[in-house]
Structure formats: structure tokens, C-alpha cells
Amino acid sequence: MAFGTWFTYFLLMTAIAYTPGPMTMFSMSTSVRNGFARTVPAILGGSCAYCVQMVVVYFGLGAIVQGSVMVFNCIKWVGVAYLMVLALKNWRAVPMAGDEAGTRHAPTPRRQFCLGFATGMSNPKSILVFTVLFPQFIEPAHYTAHFCILAGSFFVIQGSSAVSYALFGARVFRWLRRRSLEHVQHKATAAILFGAAGMLAASRR
């Protein structure tokens, strides 16, 4: 895979992974309630869910990569629309009141793993990446090799995102809330998502 192609994917993936989503927000809220150490099993559960999704997509994505330009473009614009919807939701989001840190007892590592797995399996962001973003960068002649490169990069970026939210996101979130600056976070997130949508719209097969 050409470096320029991979770097474009890296920028798009980073923009998507580091914007708040089900897995990142789950990692952050779990860290707020139970600490980072108890959040690790949840992050591992989410990673296992992504592995399952990738195996399924690997055997089905080839037909999309080999398919017609019309089908390819339809999938692409569905992804653009999804990013735009997320951006608008963040732009219009209203800061929440109160503290999300609950008083419940910390769940067991097994339960944390299961919760992370369930969150990862139902995460629309990962489904978007595997079914919409991957085909933009895979050449049919090098399908397996390119898929593995994109998949490996995904795990590194997504894992660092989940860990960052668990370690630092919770602190930043509380800091913004104490200073009534949560709306700044929403606007910044929306701007990143708008940018990611624009990059995906401008990408070509």
C-alpha cells in the first residue's frame, strides 16, 4: 500500500476514533466510576468485538470492493451522511447537568469485558469504518494484504483512543463541566466530524 494512501486513511481513522462515540464514552464513564484498572477489561472486550466484526466483514467485503462504481459510491455517501448526522448532533448537543459518577458497586472484570464486548458489537462507528471506509483504500488485487494493514492500523488507533479517554478524557470532561465549557467540547467534536465527512466525500477509489 502506498504511504500516501495509508496516511489519508490514518487521518480519517484518527478523526473518527478520537471523536466521542459509544466505546470512547463507555471507556470514559467507566473510568470515572471505577478507575482505569477496572476499565481495561472493558477495552479488551470492545477490541474482541471488533475482531469478530472484522472476520465477518473480511469474507463479505470482497464483493463490495469488486462491485460496481455505483454500489461503491452509494456506500461512500452513506458514510458521509452518517458523519454529518453525528456532527449535527454534537453541534446541537445541550450540556448535561449533574455528575455522571454513579454510586453503584464496581462490576467484576468478567462483567466489564462483556459490557465492552456488547458496546463494541453495537458500535455504529466501527461498522462504518469496516464497511464504508475500508473499501476506499483497498485494491482488489491486494485485498488480503491491504485489509490486514487497515485492520492493524485500526486496532492501534482505536485502542489508543479508548485508553486516552479512560486515562485523560474523564479528567478533561470533569474540568470542562466545572467551568461550564462542555459546549466547547461539543462544538470541537462537531467540527472534527464535519472535516472527516469532507475528507471521505473527497476521497476517490
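Note that the structure is predicted; figures quoted are calculated from it, not measured. (Residues numbered from 1 in each chain as written. Predicted model: local features only at pLDDT ≥ 70, side-chain atom pairs only at ≥ 80, totals over all residues. Heavy atoms only, no water.)

## Observations regarding helix α1 (residues 3-17)
One full turn of an α-helix is made of 3.6 residues, so residues set three or four places apart face in the same direction. Here α1 is 15 residues long and its end C-alpha atoms lie 20 Å apart, about the 21 Å a rise of 1.5 Å per residue gives. For α1, the complete set of buried residues consists of Y9, L12, M13, A15, I16 and A17. (Helix = DSSP H or I, 4+ residues; strand = E, 2+ residues; numbered from the N terminus. Expected span 1.5 Å × (residues − 1). Buried < 20%, exposed > 50% of the residue type's maximum accessible area, 1.4 Å probe, protein only.)

## Quick look at a nonpolar patch on the surface
A cluster of nonpolar side chains, contributed by F3, F7 and L11, occupies part of the molecular surface with about 300 Å² of accessible area. Note on placement: F7 falls in helix α1. Classification of F7 as partly exposed rests on a relative accessible area of 35%. (Patch = residues over 30% accessible without salt bridge, like charges linked within 9 Å, V, L, I, M, F, W, Y side chains within 5 Å. Areas by Shrake-Rupley, 256 points an atom, 1.4 Å probe, with all protein chains shown as cover. Salt bridge = Lys/Arg side-chain N within 4 Å of Asp/Glu carboxyl O.)

## Some details on the UniProt feature "transmembrane region" (unreviewed entry) in the protein chain
Sites flagged by UniProt as "transmembrane region" (unreviewed entry) map to residues 6-28, 40-61, 67-88 and 144-168. End C-alpha to end C-alpha, residues 6-28 measures 29 Å, and it is 83% helix and 0% strand. When the span residues 144-168 is considered, its composition is 100% helix and 0% strand, and the gap between its end C-alpha atoms is 35 Å. (UniProt positions renumbered as here; feature names shortened; annotations may be inferred.)

## Things to note about the side chain of Q158
Its location among the elements puts Q158 in helix α7 (residues 143-178). The class for Q158 is buried, based on a relative accessible area of 8%. Those residues in contact with Q158 that lie beyond four places of it in its chain are M13, A17, M23 and Y50. (Contact = heavy atoms within 4.5 Å.)

## Details of the nonpolar core
Grouped together as the largest cluster of nonpolar side chains are 25 residues, with contacts concentrated most on Y9, M13, V129, F130, F134, F147 and F154. Every element with two or more residues in this core is listed here: α1, α2 (22-34), α3 (40-66), α6 (124-137) and α7. No other element matches α6, which puts seven residues into this core. (Core = buried A, V, L, I, M, F, W, Y, C linked by side-chain atoms within 4.5 Å.)

## Some details on the packing of aromatic side chains
Considering all chains together, one arrives at 16 aromatic pairs under this definition. Here the aromatic rings of W6 and F10 are separated by 5.3 Å at their centres, their planes lie at 25°, and the arrangement is stacked. Note that W6 and F10 are positioned in helix α1 at a spacing of four residues, about one turn of the helix. Given the relative accessible area of 25%, W6 is considered partly exposed. Between F130 and F134, the ring centres sit 5.5 Å apart and the planes meet at 75°, which makes this aromatic pair edge-to-face. Of this pair, F130 and F134 both sit in helix α6, four residues apart, which is roughly one turn of that helix. (Phe/Tyr/Trp six-rings, centres within 6.5 Å; stacked < 30°, edge-to-face > 60°.)

## Some thoughts on the environment of T119
Relative to the helices and strands, T119 resides in helix α5 (residues 109-121). A residue is classified by how much of its surface remains accessible, and T119, at 16% relative accessible area, is buried. Counting along the chain gives 95 residues from T119 to T24, while the straight-line C-alpha distance between them is 9.9 Å. Beyond its immediate stretch of four places on either side in the chain, T119 contacts P22, M23 and F26.

## Describing the state of the cysteines
Per the stated rule, a full pass over the model turns up zero disulfides. This cysteine, C51, is not joined by any disulfide, and C48 carries the nearest cysteine sulfur, 5.9 Å off. Classification of C51 as partly exposed rests on a relative accessible area of 37%. (Disulfide = S-S within 2.5 Å.)

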